[in-house]
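# Observations on chain architecture
Okay, here's what each chain looks like letter by letter:
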Amino acid sequence: MSIRNIFFLIIGLDALWLALQIGELSISYNEAEILNGDFSLLQLLINSSIMLFGQNDFALRLPMILLHILSAILLYDISKKYIKVQRNRLWLIIIFILLPGVISSSIIVNSAGLILFGLFLFVYIYENYSIKYSYILLLFYMLIDGGFSALFMGLVFYSLYKKDRRFLLFNILMFFSSLSIYGIDTHGSPKGYFLDSIGIYAAIFSPIIFIYLFYTLYRRYLTKEFDMLWFVSTVALLFSLLLSFRQRVPIEYFAPYVILCLPLVAQTFEHSYRVRLSIFRRNYRVAFVVSLVLLLINSSVVFFNKYLYYVIEEPKKHFSYKMHVAKELAQELKGMGIECINSDEKMSKRLEFYGVTKCNNYLLEEISTDSRKKDSVTISYKNRAVYSANVTKIYTN
């Protein structure tokens, strides 16, 4: 089988597996806010999908899966410049689709998936087409999402390095225009979120890969091997870490920029491996296998996360709890003949997506899973109760 066919087989299996995961999730409050909040390109994509396929989980998550697949295709094409051996590009794609952060961005509705696709698209356009298309694309990015401000900041430093005055002035204009439209929160006093941010990055990439990624960026700094990917990734990473000294940083805005440097990581590893004699390559093979195994374990935890309810004492501490319960709760309520109910704001917006609107005919009050009664509504996963609530009919006469 040719490398090209293997690549599309990997992509196809990835898309199929993500599609199978759709049924395991409910819409979260943040996703409901994106769907019904201020206008954005992401909201337009999701609403367009819902218009085509109906108001359901498949339509909700399909645009994110498509953006993920397109990102993988762009990454493969971009990596041709950095990775000489074809099969190594396939390994890069496998690592990319197994990264826990990439898995999350490929199925959860937030700006991370859109920003990641936008970054890969920009790099592809910049490296393969006339610079005028890059200007147009950057202007478009400035108008659609504040998450691209870190791209403009990275390109400012890249332009200084390249001594490209026109590109420098343009990106300075785009950066400050983005800040004026979307703003940036720099308030707060030091609260020790730096280590939290490091921990989140390690979780997004898996610890070994994040350490090697950091090593790659630092090594290229020492050897002066600079290019656009290095500047954009390094500036975003350093800025997010510096910002974390003062406040909790929304890593989903910065993680796509760090993911962007994966071709550099693969290139560094390939070069280090190839320049050594065969007898000295064993350690590199062992490190790669260990990293891949740990990555598979981490991604498996993401995919089979509901089994964690077996070992987590408090269900609400589950990392995916905010994306569970709502769909099953709506089904239970409909089974009781209830099409509208009064509950807290967050649950109300989630239930509304599944056809249970807000009214004062019934009252939904969450209770402890330990104190549930026979007539209460209980949601269980893997025979473990994770949510319970009392449903009370309100008589207005």
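Here the structure is shown first, and the text comes after it.
The shown structure was predicted, so the numbers you read here are calculated from the model rather than taken from an experiment.

Moving on, we come to the overall build of the protein chain. A count of helical and extended segments in the protein chain gives 18 helices and three strands. Compactness check: the protein chain gives a C-alpha radius of gyration of 23 Å against a globular reference of 21 Å for 397 residues, within 12% of the reference. For the protein chain, buried positions account for 49% of its 397 residues. Taking all contacts inside the protein chain whose residues are at least 6 apart in sequence as the whole, residues at least 24 apart take part in 68%. Averaging the positions of the 39 positive and the 28 negative side-chain charges in the protein chain gives two centres separated by 11 Å.

With that settled, consider the sheet that holds strand S1 (residues 362-367). Across the sheet, which stays open at both edges, the three strands sit in the order S1-S3-S2 with antiparallel pairing between neighbours. Edge positions in the sheet fall to S1 and strand S2 (377-381), since each has one partner strand and no second. Ignoring strand direction, the axes of neighbouring strands in this sheet form an average angle of 25 degrees. Inspection of the sheet shows S2 paired to strand S3 (residues 384-393) by five bridges, in the antiparallel sense.

Membership of the largest hydrophobic core comes to 121 residues, with the highest contact counts inside it found for Phe-96, Phe-122, Leu-151, Tyr-201, Phe-205, Leu-329 and Tyr-387. Here this core gets 11 residues from one element, more than from any other, and that element is helix H4 (residues 57-79). The contact partners of Tyr-387, leaving out residues within four places of it in the chain, are Tyr-321, Val-325, Leu-329, Met-347, Leu-364, Glu-366, Thr-369, Val-377, Thr-378 and Ile-379.

Our focus in this paragraph is unusual backbone geometry. Excluding glycine, a negative phi dihedral is what most residues carry, and trans is how most peptide bonds are arranged. For Ser-206, which is not a glycine, the phi torsion comes out positive at approximately 80 degrees. Tracing the sequence through the fold places Ser-206 in the loop between helix H11 (193-205) and helix H12 (207-223). Of note in this structure, Asn-383 is not a glycine but carries a positive phi near 65 degrees. By secondary structure assignment, the location of Asn-383 is in the loop between S2 and S3.

Time to look at the state of the cysteines. Applying the stated criterion across every chain, the model contains one disulfide. The disulfide that involves Cys-340 links it to Cys-359, with 2.1 Å between the sulfurs. The chirality of the disulfide connecting Cys-340 with Cys-359 is right-handed, given an S-S dihedral of about 75 degrees. With Cys-340 in the loop between helix H17 (326-335) and helix H18 (345-353) and Cys-359 in the loop between H18 and S1, the pair connects residues that are 19 residues apart, well separated along the chain. Residue classification places Cys-340 among the buried residues on the basis of a relative accessible area of 17%. With relative accessibility at 16%, the residue Cys-359 sits in the buried group.

A cluster of nonpolar residues, Met-1, Leu-9, Leu-13, Leu-16, Trp-17, Leu-20, Phe-304, Tyr-307, Tyr-310 and Val-311, forms a patch on the protein surface that exposes about 1,100 Å² of accessible area. Looking at where Phe-304 falls in the secondary structure, it is placed in the loop between helix H16 (282-303) and H17. Residue class for Phe-304 comes out partly exposed when judged on its relative accessible area of 42%.

Covered by surrounding structure in S2 are Val-377, Ile-379 and Tyr-381 only, the residues Thr-378 and Ser-380 on the alternate face being uncovered. Once S2 ends, the chain turns through two residues before running back antiparallel as S3, passing Lys-382 with a positive phi of about 55 degrees.

A few words now on the pairing of S3. Along any regular strand the residues' side chains alternate between the sheet's two faces. Alignment of S1 against S3, held across six bridges, turns out to be antiparallel. Opposite Ile-367, over in S3, you have Ser-388 as the bridge partner.

To continue, consider the packing of H4 against helix H5 (residues 86-98). Two quantities define a packed helix pair, namely the angle between the helix axes and the distance between the axes. Interhelical geometry of H4 versus H5 gives an angle of 150 degrees and a closest axis separation of 10 Å. Looking at the two axes, H4 sits roughly antiparallel to H5. Crossing of H4 against H5: the hand is right-handed. Between H4 and H5, the residues in contact are His-68, Ser-71, Ala-72, Leu-75, Tyr-76 and Ser-79 and Arg-89, Leu-90, Leu-92, Ile-93, Phe-96 and Ile-97, respectively. Grouping the constituent residues of the contact of H4 with H5 by class yields eight nonpolar, three polar and one charged.

Let us now look at the side chain of Ser-233. Turning to its location among the elements, Ser-233 is positioned in helix H13 (residues 228-243). Here Tyr-257 takes part through its backbone oxygen, which lies 2.7 Å from a polar atom of the side chain of Ser-233. Setting aside residues up to four positions removed in sequence, Ser-233 forms contacts with Leu-217, Tyr-257, Val-258, Leu-260 and Cys-261.

The set of residues buried in H18 consists of Met-347, Ser-348, Arg-350, Leu-351 and Phe-353. Against the buried residues of H18 lie helix H2 (29-36), helix H3 (41-53), H4, H17, S1 and S3. The N-cap residue of H18 is Asp-344: its side-chain oxygen and the backbone nitrogen of Lys-346 are 3.2 Å apart. Two residues or fewer past H18, Gly-355 is found with a positive phi of approximately 90 degrees.

Our next topic: the pattern of salt bridges. Counted according to the given criterion, the structure contains nine salt bridges. Measuring nitrogen to oxygen at the nearest pair gives 2.6 Å for the salt bridge that ties Arg-61 to Glu-31. Of the two residues, Arg-61 sits in helix H4 while Glu-31 sits in helix H2, which places them 30 residues apart along the sequence. Taking relative accessible area as the criterion, Arg-61 reaches 0% and is therefore assigned buried.

What counts and what doesn't
Residues numbered from 1 in each chain as written. Predicted model: local features only at pLDDT ≥ 70, side-chain atom pairs only at ≥ 80, totals over all residues. Heavy atoms only, no water. Helix = DSSP H or I, 4+ residues; strand = E, 2+ residues; numbered from the N terminus. Rg over C-alpha atoms; globule rule 2.2 N^0.38 Å. Buried < 20%, exposed > 50% of the residue type's maximum accessible area, 1.4 Å probe, protein only. Contact = heavy atoms within 4.5 Å. Lys, Arg positive; Asp, Glu negative; His and termini not counted. Charge placed at Lys NZ, Arg CZ, Asp CG, Glu CD. Pairing = 2+ DSSP bridges. Axes fitted to C-alpha atoms, helices over the stretch in contact; angles between N-to-C directions. Core = buried A, V, L, I, M, F, W, Y, C linked by side-chain atoms within 4.5 Å. Disulfide = S-S within 2.5 Å. Patch = residues over 30% accessible without salt bridge, like charges linked within 9 Å, V, L, I, M, F, W, Y side chains within 5 Å. Areas by Shrake-Rupley, 256 points an atom, 1.4 Å probe, with all protein chains shown as cover. Salt bridge = Lys/Arg side-chain N within 4 Å of Asp/Glu carboxyl O. Parallel < 35°, antiparallel > 145°, perpendicular 65-115°, else oblique. Left-handed = near helix turned anticlockwise from the far one by under 90°. Nonpolar A, V, L, I, M, F, W, Y, C, P; charged D, E, K, R; others polar. Polar contact = N/O pair within 3.5 Å; in protein donor to acceptor, adjacent residues only side chain to side chain.

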